[in-house]
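Given next are the chains, with one letter for each unit.
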Amino acid sequence: MTDTLAVADGLVLTPAFDVVEADVLVDADAGTVIEVGPDLAAAADETLDAAGGLVIPGLVNAHCHAAMTLLRGYADDEPLDTWLREHVWPVEAALTPDDIRAGTELALVELIRSGVTAFADMYFAVEEVAAAVEAAGIRARLGHGVVTVGKDDEAARADLEESFAVAERLDGAADGRVRTAVMPHSLTTVADDLLAETADRARDADVPIHFHLNETPDEVAPIVDEHGVRPSAHADELGLLTDSTFVAHGVHTDPSEFDVLAERGTSVVHCPASNMKLASGMAPVQAMLDAGVPVALGTDGAASNNDLDLFDELRDAAMLGKLAADDAAAVDAETAFRMATAGGAEALGIDAGRIAAGANADLAVVDLDAPHLTPAHDLVSHLVYAVRGSDVRHTVCDGRVVMRDRDVLAFDEAAVRERAQEHAVALVARAEE
Ligand SMILES: N[C@@H](CCSC[C@H]1O[C@@H](n2cnc3c(=O)[nH]cnc32)[C@H](O)[C@@H]1O)C(=O)O
Ligand SMILES: [Zn+2]
């Protein structure tokens, strides 16, 4: 007999962006939605109370460095280049796998609490990240970040090989909830010959590629100077852009690049908070969407955000998108919400982002009973402009409840926080020795 779960008595956001009163009946074994409709709770084995709430597809955080929660608030108010080279990288050099486990568990608690059911992560000690994801019960596209600048040939080669080894070893882990990608850090931090090799081998192994693209002007000028083409064209010449590739940021991207990205079907993951905090710039999100570029949403790491609440990102994306386009109609609520759901699913190459019969049962229940969500003229507007991560009451992934009444089931939250705090303090002390 199948094990069923009913998300009962709430409102449900449909794929057409209508809000209906319905129960969601889930096959907990298969991890899929059986039916969306009235009065489905009576026959279910287990019920999740959604009364007073809105059931939404689980959010997808399509660009993250989860373990960087350990560096939250460690080095603020610096531009990308100094922030990375003078502050972040020296501390990261002292990271241990245990640190990464502790930081990732903290990130997972934060992600699940704000209704995220899938995320992409670029970091190292990816075994630890995968083990934490397996325990947490959500989905992820994981990869080892490769940086070759400043390394000798042997160290650079080892980093690249690790990226492919991780992608092969961990793909399909956690009952298929963990998928992988190869993740060269960016076009300016990985040598060209290794980028070309990455593209070739990724195609042969059928593994997606994820990297940072055009985050700052410093990532554009050297490529234009050396190769005479924009970075997206250069990436395309190297063979890096396919429909399974997804790139982070795309801030300093011009219309010729929109065409390349759209033609290849490469998704851009917009990270508005990180882009504002590091003063990287405003991504031309509406223009990219108009040109047919698939756009998703991400937080980036907690050290440049400084939290992992994707509802903040929704609001920031809508706001910054208007400013960038000089148009209040740009990046409207529905557009922003699609980026954080179906857009993220497309970027990660997973089936998610909608609540409908047959779809993966990845969803969250948002409490609507709050002063900042009153009155309720338009709930899609609320999701983007007014809901906070802390409004999420339950999170379900793959048909299983991962948070019930704000209690993340896989972890003892107090212990996770304490462990992260201890690891963060010891890490910084070691790095600054
Ligand atoms: N194996 C590499 C590590 C790369 S992981 C991915 C890297 O991206 C860094 N990172 C985090 N946020 C950003 C960003 O916004 N832009 C570029 N890099 C970032 C992060 O600190 C981490 O070092 C090594 O040996 O250094
Ligand atoms: Zn990043």
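Residues numbered from 1 in each chain as written. Chains lettered and ligands numbered in written order. Predicted model: local features only at pLDDT ≥ 70, side-chain atom pairs only at ≥ 80, totals over all residues. Heavy atoms only, no water.

Going by the annotation in an unreviewed UniProt entry, the name recorded for the protein chain is 5-methylthioadenosine/S-adenosylhomocysteine deaminase, with Halobaculum litoreum given as the source organism. As its UniProt record puts it under Sequence similarities (unreviewed entry), the protein chain is described as follows: "Belongs to the metallo-dependent hydrolases superfamily. MTA/SAH deaminase family." (UniProt positions renumbered as here; feature names shortened; annotations may be inferred.)

Caption draft 1: Expanded view of the overall build of the protein chain. Looking only at helices and strands, one finds 15 helices and 18 strands in the protein chain. The C-alpha radius of gyration of the protein chain comes to 21 Å, within 12% of the 22 Å expected for a compact globule of 433 residues. By its C-alpha atoms, the protein chain is 65 × 45 × 40 Å across when sized along the principal axes. Per-residue burial over the protein chain gives 58% buried out of 433 residues. Looking at the protein chain as shown, the accessible area adds up to about 16,200 Å², and 48% of this sits on carbon and sulfur atoms. Looking at the protein chain, you have 28 positive and 80 negative side-chain charges, and the mean spots of the two groups are 2 Å apart. (Helix = DSSP H or I, 4+ residues; strand = E, 2+ residues; numbered from the N terminus. Rg over C-alpha atoms; globule rule 2.2 N^0.38 Å. Buried < 20%, exposed > 50% of the residue type's maximum accessible area, 1.4 Å probe, protein only. Areas by Shrake-Rupley, 256 points an atom, 1.4 Å probe, with all protein chains shown as cover. Lys, Arg positive; Asp, Glu negative; His and termini not counted. Charge placed at Lys NZ, Arg CZ, Asp CG, Glu CD.)

Caption draft 2: A look at the pattern of salt bridges. For the structure on display, the rule yields 27 salt bridges. Put simply, arginine 72 and glutamate 110 hold a salt bridge, and the shortest N to O gap is 3.0 Å. Taken together, the residues span a long stretch of sequence, with arginine 72 in the loop between strand 6 (59–64) and helix 1 (80–92) and glutamate 110 in helix 2 (residues 97–113) at a distance of 38 residues. Aspartate 254 is paired through a salt bridge with arginine 230; the nearest N and O atoms lie 3.4 Å apart. One end of the pair, aspartate 254, is in the loop between strand 12 (246–249) and helix 8 (255–264); the other, arginine 230, is in the loop between helix 6 (221–227) and helix 7 (231–237), and 24 residues separate them in sequence. The exposure class of aspartate 254 is partly exposed, given its relative accessible area of 22%. (Salt bridge = Lys/Arg side-chain N within 4 Å of Asp/Glu carboxyl O.)

Caption draft 3: Highlighting the UniProt feature "binding site: substrate" (unreviewed entry) in the protein chain. Mapped onto this numbering, the UniProt entry annotates "binding site: substrate" (unreviewed entry) at Glu92, His185, Glu215 and Asp300. Within the secondary structure layout, glutamate 92 lies in helix 1. Among the residues examined, glutamate 92 registers a relative accessible area of 10% and is labelled buried. Along the polypeptide, aspartate 300 turns up in the loop between strand 14 (295–297) and helix 11 (310–325). On the basis of relative accessible area, aspartate 300 is assigned to the buried category, the value being 4%. Discounting chain neighbours no more than four positions away, the residues touching aspartate 300 are His63, Cys64, His65, His212, Glu215, His249, Cys271, Ser274 and Leu308. (Contact = heavy atoms within 4.5 Å.)

Caption draft 4: Spotlight on the UniProt feature "domain: Amidohydrolase-related" (unreviewed entry) in the protein chain. The residues that UniProt annotates with the feature "domain: Amidohydrolase-related" (unreviewed entry) are residues 54–402. With 42% helix and 17% strand, residues 54–402 has end C-alpha atoms that lie 17 Å from one another.

Caption draft 5: Inspection of the domain arrangement of the protein chain at higher detail. Examined at the domain level, the protein chain breaks down into domain 1 (4–57 + 355–407) and domain 2 (59–348). Distance from the C-alpha centre of domain 1 to the C-alpha centre of domain 2: 28 Å. The interface of domain 1 with domain 2 comprises 26 residues on the first partner and 27 residues on the second. For the pair domain 1 and domain 2, the two sides together bury roughly 2,000 Å², of which 65% comes from carbon and sulfur. Summed over the three residues of domain 1 that lose the most area to domain 2, namely Phe17, Val384 and Tyr385, the buried surface amounts to 32% of that side. Applying the counting criterion to the domain 1 and domain 2 interface returns 2 salt bridges. Applying the counting rule to domain 1 against domain 2 returns 9 residue pairs in polar contact (both at pLDDT 80 or more). The set of elements that each furnish at least two residues to the side of domain 1 that touches domain 2 consists of strand 5 (53–57), strand 15 (363–367), helix 14 (379–385), strand 16 (392–397) and strand 17 (400–404). With 5 residues, helix 14 is the single largest residue contributor to the side of domain 1 that touches domain 2. (Domains from an automatic or database assignment. Buried area = accessible area lost by both parts, 1.4 Å probe. Polar contact = N/O pair within 3.5 Å; in protein donor to acceptor, adjacent residues only side chain to side chain.)

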